[in-house]
Amino acid sequence: MNSGATPFDELDRKIITALMANARTSFAEIGTSVGLSATAVKRRVDRLRETGVITGFTATVKPSALGWRTEAYVEVYCEGAAPPRRLAEVVRNHPEITAAMTVTGGADALLHVRARDVEHFEEVLERIRVEPFIRKTISVMVLSHLIPESPEAGASQPAPSDAADVR
């Protein structure tokens, strides 16, 4: 990613807004709505990708269609100060963890976990808890999404092929 300041104007914002609403919108359609040619839109999108403003294009999939029927957020509390790099290594070993971040407050990290069912979630939780520096976890199960079109309500990756074999 380019570390210098990236020129970013109102047309770029409109293009990004259109792509966020529907990444399959053609450059010609976007151009019509923002007052540019398709070629000019493509040049801007290419620049936004090169500078790291646009990081990729994904499909949003209904998690239950992929077998993810259970969802939870897990607060992770560590012994001492667990470095974020170490936490990142741990969460990469669990394909059911779809997002992870360090946080302020009492917990050291917050994990977004998707699983087939409650039993599978419990297995994932036990695998997380065996890490020697994890002191405790607190889980909150998601019952429903109040904003169903939010990124958290969808999935950007399919259920791992080995998720069914994790027993």
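**Side note on the overall build of the chain**
And then number 1: Counting secondary structure elements, the chain contains 5 helices and 4 strands.
And then number 2: For the chain, the succession of helices and strands along the chain, N to C, is α-α-α-β-α-β-β-α-β.
And then number 3: Taken across its 167 residues, the chain has 33% of its residues classed as buried.
And then number 4: Sequence separation of at least 24 residues holds for 70% of the intrachain contacts in the chain that already meet a minimum separation of 6.
And then number 5: Summed over its atoms, the accessible surface of the chain is roughly 10500 Å², and 54% of this surface lies on carbon and sulfur atoms.

**Some thoughts on the packing of aromatic side chains**
And then number 1: Enumeration according to the criterion identifies 0 aromatic pairs in this entry.
And then number 2: The ring centre of Tyr-77 lies 4.8 Å from the NZ or CZ of Lys-136, which sits over that ring.

**A look at the side chain of Glu-131**
And then number 1: Tracing the sequence through the fold places Glu-131 in the loop between helix 5 (118-129) and strand 4 (134-141).
And then number 2: Take Glu-131: its relative accessible area is 17%, and that puts it in the buried class.
And then number 3: Residue contacts for Glu-131: discarding those within four places in its chain leaves Arg-86 and Val-90.

**Details of the pattern of salt bridges**
And then number 1: Scanning all chains against the criterion turns up 9 salt bridges.
And then number 2: Between Arg-44 and Asp-9 there is a salt bridge; the shortest N-O distance is 2.9 Å. Of this pair, Arg-44 sits in helix 3 (residues 38-50) while Asp-9 sits in the segment before helix 1 (10-21), placing them 35 residues apart in sequence.
And then number 3: As a salt-bridge pair, Asp-12 and Arg-47 come within 2.9 Å of each other at their nearest N and O atoms. Of the two residues, Asp-12 is situated in helix 1 and Arg-47 in helix 3; the sequence distance between them amounts to 35 residues.
And then number 4: Here the salt bridges do not stand alone but share partners, grouping Asp-9, Asp-12, Arg-44 and Arg-47 into one network.

**Digging into helix 3**
And then number 1: Compared with an ideal rise of 1.5 Å per residue, which puts 13 residues at 18 Å, helix 3 spans 18 Å between its outermost C-alpha atoms and is within 8% of the ideal.
And then number 2: All buried positions along helix 3 are accounted for by Ala-40, Val-41, Arg-44, Val-45 and Leu-48. Buried residues of helix 3, seen end-on, are gathered within an arc of 135° and therefore sit on one face of the element. Facing away from the buried side of helix 3, by more than 90 degrees, are the exposed residues Arg-43 and Glu-50.
And then number 3: Close packing links the buried residues of helix 3 with helix 1 and helix 2 (27-34).

Criteria and thresholds
- Residues numbered from 1 in each chain as written.
- Predicted model: local features only at pLDDT ≥ 70, side-chain atom pairs only at ≥ 80, totals over all residues.
- Heavy atoms only, no water.
- Helix = DSSP H or I, 4+ residues; strand = E, 2+ residues; numbered from the N terminus.
- Buried < 20%, exposed > 50% of the residue type's maximum accessible area, 1.4 Å probe, protein only.
- Contact = heavy atoms within 4.5 Å.
- Areas by Shrake-Rupley, 256 points an atom, 1.4 Å probe, with all protein chains shown as cover.
- Phe/Tyr/Trp six-rings, centres within 6.5 Å; stacked < 30°, edge-to-face > 60°.
- Lys NZ or Arg CZ within 6 Å of the ring centre and 35° of its normal.
- Salt bridge = Lys/Arg side-chain N within 4 Å of Asp/Glu carboxyl O.
- Expected span 1.5 Å × (residues − 1).
- Arc of directions from axis to C-beta.

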